[in-house]
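# Close look at the chain arrangement
The residues making up each chain are set out below.
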Amino acid sequence: RLANQLNTQLVIAEARGAEKAPLPDSMDFYFQGMAHLHKGPSMANLTQARIYFERALALDGNNVEAMTGEALVERIIGGNLMATDRAAHLGAAEAAALHALALAPNHSVARYALGLIYNYTNRPINIVLDIMRNNKKNNNIFSRVMYSK
């Protein structure tokens, strides 16, 4: 809980600095998007966050953090029934999360977002398969952590 509060405060501080940047870069836009995401799940906040993530990706199409932010925004909109086109938002969220994971396979927030998307789209088996594939790729880290006593 403390880590989440600290993370939020750090994101807000970075976003404030980014607002003052004469030439914001991709990460500046990412932090501004995250600051809006941390404000709460209203359509106004989510729309503004999406705009910043899109700006970040326009400057750097390989910004995994911005892709993950975009996945989180679309997941919230689609998963919380905030839009009539739920499937389109969840599809966009899944595409963004998968793209982020293609670039950074161990990105925990992107993997978390993908798991939530699979849950919202009634595909729990995909969650299990993803965990199993990821553990196998990472030398079965789950087994080492669980049975390392």
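How each quantity is defined
Residues numbered from 1 in each chain as written. Predicted model: local features only at pLDDT ≥ 70, side-chain atom pairs only at ≥ 80, totals over all residues. Heavy atoms only, no water. Helix = DSSP H or I, 4+ residues; strand = E, 2+ residues; numbered from the N terminus. Buried < 20%, exposed > 50% of the residue type's maximum accessible area, 1.4 Å probe, protein only. Areas by Shrake-Rupley, 256 points an atom, 1.4 Å probe, with all protein chains shown as cover. Patch = residues over 30% accessible without salt bridge, like charges linked within 9 Å, V, L, I, M, F, W, Y side chains within 5 Å. Salt bridge = Lys/Arg side-chain N within 4 Å of Asp/Glu carboxyl O. pLDDT = per-residue confidence, 0-100. Contact = heavy atoms within 4.5 Å. Axes fitted to C-alpha atoms, helices over the stretch in contact; angles between N-to-C directions. Parallel < 35°, antiparallel > 145°, perpendicular 65-115°, else oblique. Left-handed = near helix turned anticlockwise from the far one by under 90°. Expected span 1.5 Å × (residues − 1). Arc of directions from axis to C-beta. Phe/Tyr/Trp six-rings, centres within 6.5 Å; stacked < 30°, edge-to-face > 60°.

The next point concerns the overall build of the chain. Secondary structure summary: the chain contains eight helices and zero strands in total. Listing the helices and strands of the chain from first to last along the sequence gives α-α-α-α-α-α-α-α. Every one of the 149 residues in the chain was classed for burial, and the buried ones make up 40%. As presented, the chain carries roughly 9000 Å² of accessible surface, and 58% of it is formed by carbon and sulfur atoms.

What follows is about a nonpolar patch on the surface. Nonpolar side chains collect at one region of the surface, where Ile 125, Val 128, Leu 129 and Met 132 lie side by side and expose about 370 Å² of accessible area between them. Structurally, Val 128 is set in helix H7 (residues 124-137).

Attention now moves to unusual backbone geometry. The phi dihedral of Asn 122 falls on the positive side, at around 55°, and the residue is not glycine. The residue Asn 122 is located in the loop between helix H6 (108-120) and H7 in this model. The class of Asn 122 is exposed, set by a relative accessible area of 68%.

This next bit is on the pattern of salt bridges. One pass over the full model with this rule turns up two salt bridges. Arg 123 is the salt-bridge partner of Glu 94, the closest N and O atoms lying 2.6 Å from each other. Taken together, the positions of Glu 94 in helix H5 (residues 86-103) and Arg 123 in the loop between H6 and H7 put the pair 29 residues apart, joining distant regions of the chain.

Our focus in this paragraph is the confidence of the model for the chain. Confidence along the chain averages 83 in pLDDT terms, with 79% of residues attaining 70 or more. Per-residue pLDDT, averaged within each element of the chain, yields its smallest value for helix H8 (residues 141-146) (41) and its largest for helix H3 (residues 43-59) (97). Segment residues 140-149 is flagged for pLDDT under 50; beyond a separation of four residues in sequence, or across chains, it makes five contacts in the model.

With that out of the way, let us pick up the packing of H5 against H6. The contact between H5 and H6 brings their axes to 9 Å, and the two run at 150°. As the angle between them shows, H5 and H6 are arranged roughly antiparallel. At the point where H5 passes H6, the crossing takes the left-handed sense. Here Arg 86, Leu 90, Ala 93, Glu 94, Ala 97, Leu 98, Ala 100 and Leu 101 of H5 lie close against H6, whose contacting residues are Ala 110, Arg 111, Leu 114, Ile 117, Tyr 118 and Tyr 120.

This part covers H3. In this model H3 runs 24 Å from its N-terminal to its C-terminal C-alpha over 17 residues, within 8% of the 24 Å that 1.5 Å per residue would give. Every buried residue belonging to H3 is among Asn 45, Leu 46, Ala 49, Arg 50, Tyr 52, Phe 53, Ala 56 and Leu 57, and all of these are buried. Viewed along the axis of H3, the buried residues span an arc of 165°, placing them on a single side of the element. Away from its buried face, by an angle of more than 90 degrees, H3 presents the exposed residues Ala 44, Ala 58 and Leu 59. Residues of H3 that are buried make contact with helix H2 (26-38), helix H4 (64-79) and H5.

Let us now look at the side chain of His 36. Within the fold, His 36 resides in helix H2. Non-local contacts of His 36, meaning those with residues more than four positions away in its chain, are made with Asn 45, Gln 48, Ala 49 and Tyr 52.

Okay, the packing of aromatic side chains next. For the coordinates displayed, the defined rule picks out three aromatic pairs. With centroids separated by 6.1 Å and ring planes inclined at 40°, the aromatic side chains of Tyr 30 and Phe 53 adopt a geometry described as tilted. Pair noted here: Tyr 30 is in helix H2 and Phe 53 is in helix H3, with a separation of 23 residues, a long-range link. These aromatic residues form a ring-pair network of at least three members: Tyr 30, Phe 31 and Phe 53.

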